[in-house]
Amino acid sequence: MTATTIAELLDEIERGARDRDADIPSLLRMCLSLGSLAGSRPLTEWATRELKGYDVSDDLPPYRTIGPLPLLFDGRSGSTSTQGQALPLISDDEVDVSRLYQPVDFTQSIAHIAEIVTTNRNQGDDSIDIGVPGGVHLVALLNFKIREDDRKKFGPIIDEHGATRIIDRIYWRSNTSAFVAILDNVKTTIVELVSEVRLGMKEDPEVTNEELVAKAVSLTITGDGNKTVVNVGTGP
């Protein structure tokens, strides 16, 4: 049966949130319906952004920022290939590279993040490589500087034999657990939302469900006030 009232939706969301293997996008779609029924624009906006992904101009929830992450590179030196090596600190007056050493925002849809986690788990990987913005141009710049340094050291012979080192790609590396934490935070937020509404029902039965949802959203999603501490034992 399709839920048509706030009370029915709360029951469905609560049942789904208790399931360790719950489909988080499905829970978010129910939150979207809950926000529509309760007239809560902040709830519908949050659920929509989690489902579709955030725009670069959106304020991200703290759980969607990870890091700073280690900056690594793959490359070659002569006949030797190197992978997953720490990239030495880059300092360049021509290019702003400070963003490479700052926490990284993840704006993808929750379904995309869940798919990344599932794929990595199926492959037995415990890390995720993430391309840096403008990575191709940065690699070209670094290889140019390496070649110029080699030319100063060894002379024109470098033009014939090539640079002593070549960088193939630059990327961040994150533990899969950091992406699992994003999923878990979304699910926990949903549990907190329902818990706040349930608590409000017990504290004041005369308050309408719409008012209770509005208050719960202000405590769990928009960050106003003091929210109830909810211990969640289920994973994503």
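Remember, predicted model here, so these are calculated numbers, not experimental data.

### Brief notes about the overall build of the protein
Thought 1: Across its full length, the protein holds eight helices and six strands.
Thought 2: The order of α-helices and β-strands along the protein, N terminus first, is α-α-α-β-β-β-β-α-β-α-α-β-α-α.
Thought 3: Across the protein, contacts joining residues at least 24 apart in sequence account for 70% of those joining residues at least 6 apart.
Thought 4: Here the protein displays about 13500 Å² of accessible surface, and carbon together with sulfur accounts for 49% of that area.

### A word on the pairing of strand β2 (residues 71-77)
On a regular strand, one side chain projects to one face of the sheet and the next to the other, so that they alternate.
Thought 1: Most of β2 sits out of view: five of its seven residues are buried.
Thought 2: As paired strands, β2 and strand β6 (residues 166-175) are joined by six bridges and run antiparallel to one another. Looking at β6, one finds that Gly75 is bridged to Ile167.
Thought 3: In this sheet, strand β3 (residues 80-86) lies alongside β2 in antiparallel orientation, the contact comprising five bridges. Its bridge partner being in β3, Leu72 is matched across the sheet by Ala86.
Thought 4: The hairpin turn running from β2 into β3, its antiparallel successor, is two residues long, and Gly78 in that turn takes a positive phi close to 65°.

### A look at unusual backbone geometry
Note on backbone geometry: most residues besides glycine have negative phi, and most peptide bonds are trans.
Thought 1: Omega for the peptide link from Gly67 to Pro68 comes to 10°, which places this bond in the cis form.
Thought 2: Turning to its location among the elements, Pro68 is positioned in the loop between β1 (65-66) and β2.

### Observations concerning the confidence of the model for the protein
Thought 1: With 89% of its residues at a pLDDT of 70 or more, the protein shows a mean pLDDT of 85.
Thought 2: At the low end of the mean pLDDT range in the protein sits helix α6 (residues 157-161), at 75; at the high end sits helix α3 (residues 41-52), at 96.

### Quick notes on the sheet that holds β2
Thought 1: Read from one edge to the other, the open sheet built from four strands follows the order β3-β2-β6-β5, with strand pairing classed as antiparallel. Every interior strand has two partners, whereas the edge strands, β3 and β5 (127-131), have only one. Across the sheet, the mean angle separating the axes of adjacent strands is 30° when strand polarity is ignored.

### Observations concerning the pairing of β5
Thought 1: Residues Ile128 and Ile130 line the buried face of β5, whereas the alternating positions Ser127, Asp129 and Gly131 sit on a face that is not buried.
Thought 2: Judged from the five bridges that link them, β5 and β6 form a sheet pairing that is antiparallel. When the sheet's bridge partners are listed, Ile130 is paired in β6 with Trp172.

### Some remarks on the pattern of salt bridges
Thought 1: If you walk through the whole model with that rule in mind, you get eleven salt bridges.
Thought 2: A salt bridge links Asp23 to Arg29, with the shortest nitrogen-to-oxygen separation between them at 3.9 Å.
Thought 3: For Glu50, the salt bridge goes to Arg64, with nearest N and O atoms at 2.8 Å. One end of the pair, Glu50, is in helix α3; the other, Arg64, is in the loop between α3 and β1, with 14 residues separating them in the sequence. As far as burial versus exposure is concerned, Glu50 and Arg64 are alike and both buried.
Thought 4: Each of Asp11, Glu14, Arg18 and Arg198 takes part in salt bridges that share partners, so that together they form one network.

Calculation criteria
- Residues numbered from 1 in each chain as written.
- Predicted model: local features only at pLDDT ≥ 70, side-chain atom pairs only at ≥ 80, totals over all residues.
- Heavy atoms only, no water.
- Helix = DSSP H or I, 4+ residues; strand = E, 2+ residues; numbered from the N terminus.
- Contact = heavy atoms within 4.5 Å.
- Areas by Shrake-Rupley, 256 points an atom, 1.4 Å probe, with all protein chains shown as cover.
- Buried < 20%, exposed > 50% of the residue type's maximum accessible area, 1.4 Å probe, protein only.
- Pairing = 2+ DSSP bridges.
- pLDDT = per-residue confidence, 0-100.
- Axes fitted to C-alpha atoms, helices over the stretch in contact; angles between N-to-C directions.
- Salt bridge = Lys/Arg side-chain N within 4 Å of Asp/Glu carboxyl O.

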